[in-house]
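Spelled out, the chains give:
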Amino acid sequence: MRKKPMAKIVFIVAVARNGVIGSAGELPWRLPSDLRRFRATTWGRPMIMGRRTFESIGKPLPGRETIVVTRDPAFDAAGVLVARSPDAALDLAQARATAMGVDEVMVVGGSEIYAAMLPNADRIVLTEVELTPPGDATFPPLDPADWKEVSRETPDRGPKDEVEYTIRIFERA
Ligand SMILES: NC(=O)c1ccc[n+]([C@@H]2O[C@H](COP(=O)([O-])OP(=O)(O)OC[C@H]3O[C@@H](n4cnc5c(N)ncnc54)[C@H](OP(=O)(O)O)[C@@H]3O)[C@@H](O)[C@H]2O)c1
């Protein structure tokens, strides 16, 4: 019997010029048009996030299945699935993608989860934010030998967007 293809593991992240992605549990910028793009890109798919990112959002986002990664056996939150390790989260996300009939699982941060799962990533949808803010959460540097840029787009800045940004998509080389 032919093996079923696995869903692609897709990172989605917004990164400042200095690698910063977060500060004190929050995003260090306001980019509503990029958040709309995040919603569209993740819609209908299983979405893996670290416990701290989940706490900063505060609730499961509608239209997606949230898988929270935590070591805390007592962690419990309504409307989310829980995994005790990055590997368990990826296995669960693959099973959910099959059940949902989608071919992507989304990894949405934060810093610890990106670092742990980078070796498993197939594609990275990266919003490059034209800022160098202070912060305590960063995205791991990408080795150019491992990643090729397949598209780059600088959308028009929306009226409520704090700054310019560029969407760059990388596929594993
Ligand atoms: N710019 C962006 O695109 C973006 C996206 C997402 C998040 N962020 C920002 O990133 C920051 C949060 O990132 P973070 O690195 O602090 O936290 P995080 O990656 O969201 O979550 C870390 C938590 O995940 C769990 N975890 C990590 N490794 C694990 C492992 N091997 N096994 C089991 N559980 C594990 C632990 O939860 P327990 O402590 O419960 O065990 C850990 O405390 C925030 O500032 C947020 O705003 C930015």
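Below is a summary of the structure that appears in this document. Since this is a predicted model, take the numbers as computed values, not measurements.

1. A look at helix H3 (residues 86-100)
- Its 15 residues give H3 an end-to-end C-alpha distance of 20 Å, which sits within 8% of 21 Å, the value for a rise of 1.5 Å per residue.
- When we look at burial in H3, the residues that qualify are Ala 89, Leu 90, Ala 93 and Ala 97. For H3, the arc enclosing every buried residue in end-on projection is 95°, short of the 170-degree limit, so these residues lie on one face. Turned more than 90 degrees away from the buried face of H3 sit Asp 91 and Ala 99, all of them exposed.
- Buried residues along H3 sit in contact with strand S1 (8-16), strand S3 (46-50), strand S4 (65-69), strand S5 (81-83) and strand S6 (104-107).

2. Some words on the pairing of strand S10 (residues 165-172)
- Bridge analysis of strand S7 (residues 123-129) against S10 gives 7 bridges, and the strand direction is antiparallel. Paired with Ile 124 across the bridge in S10 is Phe 170.
- Pairing of strand S9 (residues 147-153) with S10 involves 6 bridges; the strand directions are antiparallel. Note that in S10 the partner of Trp 147 across the bridge is Arg 172.

3. Here's the deal with the nonpolar core
- Residues Val 15, Ile 48, Met 49, Ala 93, Val 105, Val 107 and Ile 113 are the most contacted members of the largest nonpolar core, which totals 35 residues.
- Tallying contributions element by element places S1 first for this core, with 6 residues.

4. Concerning the site of the ligand
- Lining the immediate surroundings of the ligand are 29 residues, of which Gly 22, Gly 50, Gly 109, Gly 110 and Ser 111 lie closest.
- Those elements that provide at least two residues to the shell around the ligand are S1, strand S2 (20-22), S3, helix H2 (51-57) and helix H4 (111-117).

5. Quick word on unusual backbone geometry
- With an omega of 0°, the peptide bond between Gly 109 and Gly 110 qualifies as cis.
- By secondary structure assignment, the location of Gly 110 is in the loop between S6 and H4.
- Positive phi, normally seen in glycine, also occurs at Ala 24, with a value near 50°.
- Here Ala 24 is to be found in the loop between S2 and helix H1 (32-42).

The rules behind these values
- Residues numbered from 1 in each chain as written.
- Predicted model: local features only at pLDDT ≥ 70, side-chain atom pairs only at ≥ 80, totals over all residues.
- Helix = DSSP H or I, 4+ residues; strand = E, 2+ residues; numbered from the N terminus.
- Expected span 1.5 Å × (residues − 1).
- Buried ≥ 20, exposed ≤ 12 C-beta atoms within 10 Å, placed from the backbone.
- Arc of directions from axis to C-beta.
- Contact = placed C-beta atoms within 7 Å.
- Pairing = 2+ DSSP bridges.
- Core = buried A, V, L, I, M, F, W, Y, C linked by C-beta atoms within 7 Å.
- Near = placed C-beta within 6 Å.

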